[in-house]
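Spelled out, the chains give:
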Amino acid sequence: MEETLSNLQTYGYIALFVYSMGGGFVGIVAGSVLSALGKLDLALCIIVATLGNIAGSTLLAYLSRYQKQDFIRYLAKHKRKIALAHLYLRRYGIWLIFANKYIYGFKTILPLSIGLSSYSLKKFTFFNAFACAIWAIGIAIPAYLASDWAKNTFERLQSYPYVMPIFLVVLIGGIYLGLKIGEKRKS
């Protein structure tokens, strides 16, 4: 276990950078949780995730701009999504660059769409850098605070061992009931 924690401290930032290139939330959340546990530094996690996200989005835009033939073959299945991204980009402008960080499935389509269009890559890179920083801060700090709260709650609950099984039963039951109600509404 000690070796695993040592490897996390050594390679955690590299893994966070690589994972953030794809725009995933889980990497920055995991980095924040590890920061709350004292294994990583929160500020460094935010910086690494920001740089990884900037690199990933910018790389997609530049590759789709200068390697169009390769991307056009790949994106033949996604013509409708690309066209929709172009329309949204015209309608919402730079605000779409900020919003796309939070829309699952749209994180990769927008940079590809910008690369395939005549949109300025310098302008995209500039606003994308700000959007990535806001994204990393907006995910990391709440995750850090929530993990700190959860850690404190679990430490308090350890003195009452009978509460945790009751909590888990209520949680699982609530999820089950929520899914059943959702199924009935769809029918």
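Shown above is the structure to which this text applies.
Calculation criteria
Residues numbered from 1 in each chain as written. Predicted model: local features only at pLDDT ≥ 70, side-chain atom pairs only at ≥ 80, totals over all residues. Heavy atoms only, no water. Helix = DSSP H or I, 4+ residues; strand = E, 2+ residues; numbered from the N terminus. Rg over C-alpha atoms; globule rule 2.2 N^0.38 Å. Buried < 20%, exposed > 50% of the residue type's maximum accessible area, 1.4 Å probe, protein only. Phe/Tyr/Trp six-rings, centres within 6.5 Å; stacked < 30°, edge-to-face > 60°. 1 Å grid on protein atoms, 1.4 Å probe; cavity = no way out; pocket = protein on both sides within 12 Å on 5 of 7 lines; lining within 4 Å. Points joined across faces, edges and corners; volume = space filled by probe spheres on them. Nonpolar A, V, L, I, M, F, W, Y, C, P; charged D, E, K, R; others polar. Patch = residues over 30% accessible without salt bridge, like charges linked within 9 Å, V, L, I, M, F, W, Y side chains within 5 Å. Areas by Shrake-Rupley, 256 points an atom, 1.4 Å probe, with all protein chains shown as cover. Salt bridge = Lys/Arg side-chain N within 4 Å of Asp/Glu carboxyl O.

(A) Quick look at the overall build of the chain. Per the secondary structure count, the chain includes nine helices and zero strands. In sequence order, the secondary structure elements of the chain are arranged as α-α-α-α-α-α-α-α-α. Expected size for 187 residues packed as a compact globule is a radius of gyration near 16 Å; at 21 Å, the chain overshoots this value by more than 25%. By principal-axis analysis of the C-alpha atoms, the chain measures approximately 60 × 50 × 25 Å. Expressed as a percentage of the 187 residues in the chain, the buried residues total 34%.

(B) Local environment of the packing of aromatic side chains. Taken as a whole and assessed by the stated rule, the structure comprises six aromatic pairs. A centroid spacing of 6.0 Å and a plane angle of 50 degrees characterise the contact between Tyr-88 and Tyr-92, whose relative ring orientation is tilted. Of this pair, Tyr-88 and Tyr-92 both sit in helix H5 (residues 79–92), four residues apart, which is roughly one turn of that helix. With relative accessibility at 42%, the residue Tyr-92 sits in the partly exposed group.

(C) Geometry of the layout of surface pockets. Looking at the largest pocket, its volume works out to about 160 Å³. Residues belonging to the lining of the largest pocket are distributed by class as follows: three nonpolar, seven polar and two charged.

(D) Just a nonpolar patch on the surface, in detail. A cluster of nonpolar residues, Tyr-11, Ile-14, Phe-17, Val-18, Met-21, Leu-44, Ile-47, Leu-51, Leu-59 and Leu-63, forms a patch on the protein surface that exposes about 890 Å² of accessible area. The set of elements that each furnish at least two residues to the nonpolar patch consists of helix H1 (2–21) and helix H3 (42–66). Within the secondary structure, Ile-14 sits in helix H1.

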